[in-house]
Amino acid sequence: MKIVKKIITILLVVALCVSNVLMSVSAETRDNENEAKVFKEIRTIADLKAIDNDPAGNYRLMADIDMTDATKNGGTWDSGSGWVPLKTFWGEFDGNGYRIKGMHIYGDAFKEEYLGLFSVVRGKVYNLGMMDVDIDNTKKESGYSNTYVGAIAGRLYDGTISKSYSSGKIKNSNSDVFCGGLIGTGNEDSHIRDSYNIADVDGNGIIGNGDVSVKIENCYNAGKVKNVNYFNYDTEYSGNVGYGIGITDYYNDIKNGYSLFGSYDNEAYVKANGTVLT
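Because the structure is a prediction, the values reported are computed rather than measured.

A word on the sheet that holds strand E12 (residues 153–156)
Part 1 of the reasoning: Spatially, four strands are ordered E8-E12-E16-E20 in an open sheet, and the strand pairing comes out parallel. Here the strands that pair on one side only, and so sit at the sheet edges, are strand E8 (118–121) and strand E20 (207–209). In this sheet, neighbouring strand axes are inclined to one another by 30 degrees on average, regardless of whether the strands run parallel or antiparallel.
Part 2 of the reasoning: Here three bridges tie E8 to E12, and the two strands are oriented parallel to one another. Directly across from valine 120, in E12, lies its bridge partner arginine 155.

Here's the deal with the side chain of serine 167
Part 1 of the reasoning: Mapping serine 167 onto the fold places it in strand E14 (residues 165–172).
Part 2 of the reasoning: Of the polar contacts made by the side chain of serine 167, one reaches the backbone nitrogen of aspartate 132; its length is 3.0 Å.
Part 3 of the reasoning: In this structure serine 167 touches Met130, Met131, Asp132, Val133, Ile198 and Ala199, once residues within four positions along its chain are discounted.

Observations concerning the pairing of strand E15 (residues 177–180)
Part 1 of the reasoning: Here E15 shows no split at all, with Val177 and Cys179 on one side and Phe178 and Gly180 on the other all buried.
Part 2 of the reasoning: Alignment of strand E11 (residues 147–150) against E15, held across four bridges, turns out to be parallel. Following the sheet pairing, glycine 150 is matched in E15 by glycine 180.

What to know about the packing of aromatic side chains
Part 1 of the reasoning: Enumeration according to the criterion identifies seven aromatic pairs in this entry.
Part 2 of the reasoning: Relative to phenylalanine 118, the ring of phenylalanine 89 has its centre 5.0 Å away and its plane inclined at 35 degrees; by these criteria the two rings are tilted. In this pair, phenylalanine 89 sits in the loop between strand E3 (65–66) and strand E4 (92–94) while phenylalanine 118 sits in strand E8, placing the two residues 29 residues apart along the sequence. This pair shows no difference in class: phenylalanine 89 is buried, exactly as phenylalanine 118 is.
Part 3 of the reasoning: A ring pair is formed by tyrosine 196 and tyrosine 220, whose centres lie 5.0 Å apart and whose planes are at 5 degrees; its orientation type is stacked. You can see tyrosine 196 sitting in strand E18 (residues 196–197) and its partner tyrosine 220 sitting in strand E21 (residues 215–221), a full 24 residues away along the chain.
Part 4 of the reasoning: A relative accessible area of 33% places tyrosine 220 in the partly exposed class.
Part 5 of the reasoning: Each member of the aromatic cluster is reached from another via a ring pair, and the members are Tyr59, Phe89, Phe93 and Phe118.
Part 6 of the reasoning: For the cation-ring pair, arginine 60 lies above phenylalanine 39, with the distance from its terminal atom to the ring centre recorded as 4.0 Å.

A short note on the side chain of serine 195
Part 1 of the reasoning: Mapping serine 195 onto the fold places it in the loop between strand E17 (191–193) and E18.
Part 2 of the reasoning: Within the structure, serine 195 has its side chain in polar contact with the backbone oxygen of arginine 193 (distance 2.8 Å).
Part 3 of the reasoning: Once residues lying within four places of it in the same chain are set aside, the contact partners of serine 195 are Ile161, Ser162, Lys163, Ser164, Leu182, Asn218, Cys219 and Tyr220.

Section: the layout of surface pockets
Part 1 of the reasoning: There is about 160 Å³ of room inside the largest pocket.
Part 2 of the reasoning: Considering the residues around the largest pocket, the lining is formed by 12 residues, among which Pro85, Glu112, Glu113, Tyr114 and Leu115 are closest to the centre.
Part 3 of the reasoning: A class-by-class count of the residues in the lining of the largest pocket yields seven nonpolar, three polar and two charged.

Considerations on unusual backbone geometry
Part 1 of the reasoning: Although it is not a glycine, aspartate 158 adopts a positive phi angle of roughly 55 degrees.
Part 2 of the reasoning: On the secondary structure map, aspartate 158 appears in the loop between E12 and strand E13 (160–162).
Part 3 of the reasoning: Non-glycine residue asparagine 218 carries a positive phi angle of around 55 degrees.
Part 4 of the reasoning: Secondary-structure assignment places asparagine 218 in strand E21.

A look at the pattern of salt bridges
Part 1 of the reasoning: By the definition in use, this model includes 10 salt bridges.
Part 2 of the reasoning: Residues aspartate 54 and lysine 40 are paired through a salt bridge, measuring 3.1 Å at the closest nitrogen-oxygen approach. A residue pair is termed long-range when its members are at least 10 positions apart, and aspartate 54 in the loop between helix H2 (45–49) and strand E2 (58–61) and lysine 40 in strand E1 (residues 40–42) qualify at 14 residues.
Part 3 of the reasoning: The residue aspartate 69 makes a salt bridge to lysine 72 at a minimum N-O spacing of 3.4 Å.

Digging into the sheet that holds E11
Part 1 of the reasoning: Spatially, E7-E11-E15 is the arrangement adopted by the three strands of the open sheet, whose pairing is parallel. Only two strands of the sheet have a single partner each, and these edge strands are strand E7 (114–115) and E15.
Part 2 of the reasoning: Pairing of E7 with E11 involves two bridges; the strand directions are parallel. Within the sheet, the bridge partner assigned to tyrosine 114 lies in E11 and is tyrosine 148.

Cut-offs used in this document
- Residues numbered from 1 in each chain as written.
- Predicted model: local features only at pLDDT ≥ 70, side-chain atom pairs only at ≥ 80, totals over all residues.
- Heavy atoms only, no water.
- Pairing = 2+ DSSP bridges.
- Helix = DSSP H or I, 4+ residues; strand = E, 2+ residues; numbered from the N terminus.
- Axes fitted to C-alpha atoms, helices over the stretch in contact; angles between N-to-C directions.
- Polar contact = N/O pair within 3.5 Å; in protein donor to acceptor, adjacent residues only side chain to side chain.
- Contact = heavy atoms within 4.5 Å.
- Buried < 20%, exposed > 50% of the residue type's maximum accessible area, 1.4 Å probe, protein only.
- Phe/Tyr/Trp six-rings, centres within 6.5 Å; stacked < 30°, edge-to-face > 60°.
- Lys NZ or Arg CZ within 6 Å of the ring centre and 35° of its normal.
- 1 Å grid on protein atoms, 1.4 Å probe; cavity = no way out; pocket = protein on both sides within 12 Å on 5 of 7 lines; lining within 4 Å.
- Points joined across faces, edges and corners; volume = space filled by probe spheres on them.
- Nonpolar A, V, L, I, M, F, W, Y, C, P; charged D, E, K, R; others polar.
- Salt bridge = Lys/Arg side-chain N within 4 Å of Asp/Glu carboxyl O.

This is the structure in structure tokens:
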């Protein structure tokens, strides 16, 4: 019996040692992965545009970037219709608590399908402030059957936006153009967390057209939003927390979504899965 106990004790000690070794290797692997994740520093508009050269890279904003003069009509980064959105982004963008200010998009830009700082985000964007955006489609431009517009991205596809916000104004008078404070549209594997909009939007507060199961958590809208899209008027499926959050249909997963009372132009659209702050 003593021999059996000794054997069991030895086996347990060996198992514990192996477990500790594996845990040590795992921790070392995680540390190495973190060390291997190098972030390229972003300080200027030129640095931002260079993201298109490596859209799967990791980037960190190191200062506020003011686009106000550079992207307005006649500015040094004006394409003839303001800022040209960055290409589909697969990487990681850390705003680092800094802000990108005064992004202008207007005119013929709306002949594109996706508009924002990025056209499409398939990676991660976090800790970013989009301040004093000025997006204007009052001339009713649209080159696609639908165009999607947001301060951060036109489309969020299998990506995540967190701890970010937008302010300014997004004007639109075309029912085929879907505008949101943060993004234009998303898909079922998109996540928006811990973010908010205080921009005035002719569309919706967080997401312009959430026609699939976008996951929205701990987000709020306090910007003034005005409905311009014809099918927002379906009172049964027009959205949770009205279109303060977005015209998200009944498939959407919204947790802790808030909209400031009076920020939307029709109280009838407030629904059960969110809260109106009064």
